Amino acid sequence: MKRYLSLLLAAVFCLLLVCPMVQAEELETEEKNAIYAALLDADIATLRKAIDCGLITCEELTAYYLERIEAYNETYNCFITLFDDALEQARKKDQLLAQGKGEGLLFGIPIVVKDNIHVKGYLTTNGLYKSDSKKSKVNADIVENLLAQGAVILGKANMSMEANSAKNSISRSAGEVKNAYNKYLRSGGSSGGSAVATSLNFAAASLGTDTRSSLRIPAALNGCVALRPTKGLVPQDGIILVSRRRDTAGTITRTVLDQAIMLDAMLGTDFTQKLNGNVLEGMRIGILTTLSEHKKADPEVTAAFQQAVENLKNAGVAIVEVSMPNLSKLSDAVDGSTSNTEIKAFAAKFEQLLEKNEISAVIFPTYLHAPQYTGTDENGKNWNKVDQLWLNNCKDLSPNAGIPEISIPIGIHSRGAGIGMEIAACRNADQLLLDIAYSYTQRFDHRVIPEGAPDLFKESYVSDLAALVAEYEAGTWPVPETVPTE
């Protein structure tokens, strides 16, 4: 792959409509390496701008992610299948750009898809053996929508067998996904491959699914953002389900802005256009003590949550403590019921909690235990997989009430995994959750780039991608050659 990128560095951008001030073909190898160095952790909106103005081609961007996968995926095990036509997909995007047809929220943007979601022409293993799987004859509805928005699909992400584990992601086809921050830790599941691939910058974003916690647990443990949308918002056709009543697809991203963009691309909505980063001042939010206080809670997780609460207060939020007694029992009762009436009643109880306390949303830690080891830790100590404490807060509220819930990063544990905070609101309040999460992360950015998969072009770093795009469009980067005067 490095050889391929080296060849691309020497290629001209004859397929692109480039900015008039600086022609892309004039860029030297050093300057192109500076662009590659700026791609690490770049958001989707900025990547789109870089493609549109000709700073980078779709093919080069795809090759960049494939090179990172080639360099680091053997350690982290994020994929069950890599698509052999990924570069060809990208080349076709460049051809469309040359024809003035580069449209779509995700035009030229590489993503990965969890392997329980159908992509036409490729195996859908659902975490089982490839030999027991068949090639999909159609795309899932959400995949079809992403392709219509110009996405480039790199491959199918590793996951737990039949999406049945929230603790880890171990498939029969590819083995166990390792945590993005510490290869000795569990990634969470069942969308572990999607979360780790996104966190490690193996793709711009990913698709996953959530039955009880399968988007939010791995997102939190790997320093990412994940929204479990209001039940019914996302179409289920083309997804292998665990539970038709509880399952929903969603996306895992590095930022809240990217979360909104991915949802819009997947659903044809306008979350991004409506995104409001100034909603915290004067808002009332409740700490759901039922899911925030536990005698065995890990002190580092508790401390990170308490700091997030203080951050909210400093941003102008009025914080109150609220509780839902017997929440787990109420949720379990709904879980075991076959009646939609029980779901509606449970959701009504939650909405009554919001109304009674005059709050817009509730918050609580995504999980309360210390991040779990896969087995032997970095010091050679063996950790029994069964006996490690597990306090998952994702399963009790959103899945059985059908309400939306978003997880955002709030810190890093000393063991190396990410720590997350859940924000939940009433049904169809997905925009509100995005606004709250966006407002918080704009002020307090806890996202940490994993150190185990460093930038392959770090020695060439000049500036972040947004700055390079702005300078490139203005004709001030690279520095134009001056003609000496006599």
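Residues numbered from 1 in each chain as written. Predicted model: local features only at pLDDT ≥ 70, side-chain atom pairs only at ≥ 80, totals over all residues. Heavy atoms only, no water.

Participant: Let's hear about the packing of helix H4 (residues 58-76) against helix H5 (residues 86-98): which residues, and what values?
Facilitator: Orientation of H4 relative to H5, taken along the N-to-C sense of each, is 155°, at an axis distance of 7 Å. With respect to their mutual orientation, H4 and H5 come out roughly antiparallel. Contact with H4, carried on its side by Cys 58, Glu 59, Thr 62, Ala 63 and Leu 66, involves Ala 86, Leu 87, Ala 90, Arg 91, Lys 93, Asp 94 and Leu 97 of H5 and no other residues of that element. Looking at the contact of H4 with H5, its residues break down into 7 nonpolar, 1 polar and 4 charged. (Axes fitted to C-alpha atoms, helices over the stretch in contact; angles between N-to-C directions. Helix = DSSP H or I, 4+ residues; strand = E, 2+ residues; numbered from the N terminus. Parallel < 35°, antiparallel > 145°, perpendicular 65-115°, else oblique. Contact = heavy atoms within 4.5 Å. Nonpolar A, V, L, I, M, F, W, Y, C, P; charged D, E, K, R; others polar.)

Participant: Explain empty space enclosed by the protein to me, using residue names and the numbers behind them.
Facilitator: Counted under the stated rule, the structure contains 1 cavity of 30 Å³ or more. Space inside the largest cavity adds up to approximately 30 Å³. Along its surface, the largest cavity is lined by Lys 167, Arg 186, Leu 221, His 369, Pro 371, Gln 372 and Trp 390. (1 Å grid on protein atoms, 1.4 Å probe; cavity = no way out; pocket = protein on both sides within 12 Å on 5 of 7 lines; lining within 4 Å. Points joined across faces, edges and corners; volume = space filled by probe spheres on them.)

Participant: So, the nonpolar core: which residues are in play, and what are the values?
Facilitator: Counting 122 residues, the largest nonpolar core has Leu 55 and Ile 423 as its most contacted members. Counting residues per element, this core draws most heavily on H4, at 9 residues. Leu 291, Leu 327, Leu 353 and Val 362 belong to the second-largest nonpolar core, a separate cluster that totals 20 residues. (Core = buried A, V, L, I, M, F, W, Y, C linked by side-chain atoms within 4.5 Å. Buried < 20%, exposed > 50% of the residue type's maximum accessible area, 1.4 Å probe, protein only.)

Participant: Talk me through unusual backbone geometry; I want residue IDs and the actual numbers.
Facilitator: The linkage connecting Gly 189 with the following residue, Ser 190, adopts the cis geometry, with an omega of 5°. On the secondary structure map, Ser 190 appears in the loop between strand S5 (175-176) and helix H7 (192-199). For the peptide bond that leads from Trp 477 to Pro 478, omega is -10°, which places it in the cis range. The backbone of Asp 41 sits at a positive phi, close to 65°, despite the residue not being glycine. Mapped onto the secondary structure, Asp 41 falls in the loop between helix H2 (29-38) and helix H3 (44-52). Not every positive phi belongs to a glycine, and Asn 77 is a case in point at roughly 65°. Its location among the elements puts Asn 77 in the loop between H4 and strand S1 (79-82). Using a relative accessible area of 19% as the deciding quantity, one classes Asn 77 as buried.

Participant: How would you sum up the packing of aromatic side chains? Please name residues and give values.
Facilitator: Each aromatic ring pair is specified by the distance between its two centres and by the angle formed by the two planes. Scanning all chains against the criterion turns up 7 aromatic pairs. Aromatic pair Phe 83 and Tyr 122: ring centres 3.6 Å apart, planes at 10°, arrangement stacked. Residue Phe 83 is found in the loop between S1 and H5, and its partner Tyr 122 is found in the loop between strand S2 (110-114) and helix H6 (141-148); the two are separated by 39 residues along the sequence. By the burial criterion, Phe 83 is buried, and Tyr 122 matches it. A cation sits over an aromatic face here: Arg 415 above Trp 383, 4.7 Å from the ring centre. (Phe/Tyr/Trp six-rings, centres within 6.5 Å; stacked < 30°, edge-to-face > 60°. Lys NZ or Arg CZ within 6 Å of the ring centre and 35° of its normal.)

Participant: Talk me through the layout of surface pockets; I want residue IDs and the actual numbers.
Facilitator: Each pocket or cavity is described by its volume, and for the largest pocket that value is around 540 Å³. Those elements that place two or more of their residues in the lining of the largest pocket are helix H9 (256-267), helix H15 (430-443) and helix H16 (465-474). Looking at the lining of the largest pocket element by element, the count peaks at 3 residues for H15. Class assignment for the residues of the lining of the largest pocket results in 12 nonpolar, 5 polar and 6 charged.

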